[in-house]
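Listed below, chain by chain, are the residues.
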Amino acid sequence: MEIHRIMQQAPHIRKSLLQWFQEEARDLPWRKSQDPYHIWLSEILLQQTRVDQGLPYYERFLVALPTLPALAAASEDEVLKLWEGLGYYTRARNLHKAARQVMEQHHGSLPESAEILQLLPGVGRYTAGAIASIAFNERVPVVDGNVKRVLTRLFNIAMPIGESATEKKLWAIADALVPESAPGDFNQSMMELGARICTPRKPDCDSCPVFSECAARKKGLQEQRPVKKPRKAVPHKEIVVAVIERDRQYLIGRRGPDGMLAGLWEFPGGKLEAGETHQAALARECAEELGVEVKVGGMIASVKHVYTHLKVTLNVYRCTIVSGEARSNVHTELKWVHPEEFDAYAFPKANHKFLDLLRPE
DNA sequence: AAGCCGGGGGG
DNA sequence: CCCCCAGGCTT
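Residues numbered from 1 in each chain as written. Chains lettered and ligands numbered in written order. Predicted model: local features only at pLDDT ≥ 70, side-chain atom pairs only at ≥ 80, totals over all residues. Heavy atoms only, no water.

### Remarks on the overall build of chain A
Then, number 1: Each helix and strand counted, chain A has 14 helices and seven strands in total.
Then, number 2: Dimensions of chain A, computed from the C-alpha atoms along their principal axes, are close to 75 × 50 × 35 Å.
Then, number 3: Across the 361 residues of chain A, 50% fall into the buried class.
Then, number 4: Carbon and sulfur atoms make up 49% of the accessible area of chain A, which amounts to about 18,200 Å² in all.
Then, number 5: The positive charge centre, built from 47 side chains, and the negative charge centre, built from 45, are 7 Å apart in chain A. (Helix = DSSP H or I, 4+ residues; strand = E, 2+ residues; numbered from the N terminus. Buried < 20%, exposed > 50% of the residue type's maximum accessible area, 1.4 Å probe, protein only. Areas by Shrake-Rupley, 256 points an atom, 1.4 Å probe, with all protein chains shown as cover. Lys, Arg positive; Asp, Glu negative; His and termini not counted. Charge placed at Lys NZ, Arg CZ, Asp CG, Glu CD.)

### Re the protein's contact with DNA strand B
Then, number 1: Around DNA strand B, the structure places 23 residues, and the nearest of them are Ser164, Leu261, Thr308, His309 and Lys349.
Then, number 2: Contact between DNA strand B and Leu86: a base nitrogen at 3.2 Å from a main-chain N or O atom of the residue.
Then, number 3: His309 places a side-chain nitrogen or oxygen 2.7 Å from a phosphate oxygen of DNA strand B.
Then, number 4: Among the residues making up the surface near DNA strand B, the classes are represented as seven nonpolar, 10 polar and six charged. (Near = heavy atom within 4 Å. Polar contact = N/O pair within 3.5 Å; in protein donor to acceptor, adjacent residues only side chain to side chain. Nonpolar A, V, L, I, M, F, W, Y, C, P; charged D, E, K, R; others polar.)

### Concerning the domain arrangement of chain A
Then, number 1: You can read the domains of chain A as domain 1 (3-144 + 158-197) and domain 2 (236-358).
Then, number 2: Its C-alpha centre places domain 1 at a distance of 37 Å from the equivalent point of domain 2.
Then, number 3: Summed over both partners, the interface of domain 1 with domain 2 buries about 860 Å², with 48% contributed by carbon and sulfur atoms.
Then, number 4: Summed over the shared surface of domain 1 and domain 2, the number is one salt bridge.
Then, number 5: Between Arg254 and Asp77 there is a salt bridge whose closest N-O contact spans 2.6 Å.
Then, number 6: Connecting domain 1 to domain 2 are six residue pairs in polar contact (both at pLDDT 80 or more).
Then, number 7: The dominant element in the side of domain 1 that touches domain 2, judged by the number of residues it contributes, is helix 5 (residues 76-83), at three residues. (Domains from an automatic or database assignment. Buried area = accessible area lost by both parts, 1.4 Å probe. Salt bridge = Lys/Arg side-chain N within 4 Å of Asp/Glu carboxyl O.)

Structure (structure tokens):
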């Protein structure tokens, strides 16, 4: 499939998609706005996240932090609390960092070109293209999961997605298609098509505005596109969690600035080693992490949780400190908090699965 | 190129 | 259960 052949189809594809988008576009809050800050926030929120899942977060976030300067002035804890439960928390930390960068380097206004936008933390080629085309009308393409599916079907591309040659080709095609006028609407129309019509399974080809252009459908291969590489199995780990109580307060720690769930608060604990009992693991982890000797009480809960590349079972036990004063080697901060204060801290979802059990009545 | 990074909804 | 979502960053 050569680019110049695509260019011949381009006018029809543009016209059909733009007209369909004009008539059928969902009424999403960030589409009512021209504010680049709103567009930026929506794009970060929606990374690897369905629109329906991100929507309530968008509304709440803008009530709390209505402007870019307000975001820059907020604490990271406040931003993480607003992000709590959504996952991929690095997005929130980068958003916050980027806001401060924009205040310092761009006088508080987002840069208008995709090239410069991409210098902000958390803004890659996709997000830069989305902001630049939607908020600033720059003729740049976007390629997200939806667009990959639409393009591999429309042009019957059998190259496996994820490989650099394939990605390069998809970006080149997307670039060839995006028009000089209304680039943002066109980019959104491709994504909207992928989200609502050209779905991963059982695409609704009968309703598709580019039905007649679709090379994969002509061969009945639409559900075989895109071609993906096989996934790897996810390992499972047993975790022990110590709910340490003292004077009706519980010990929580803030996770370090790197890696999984960075910056979030949690109950201390760690991985069960081979052949180890829960009790032995709790004693060892509390000694290693907190420098305290604990007595292990009853089990509070055993909760399962699935991450992208990891499955865990949290075995949660009541513990009391027998000797020593807790000082964490792995957390940036420790606090003793009453259950009524839990809401002030951002906890990972896995912790929320047992948190309510600690609240009085 | 491959791994890491959350959580949820749909089939 | 498996899939994948308006991806980015690190190694």
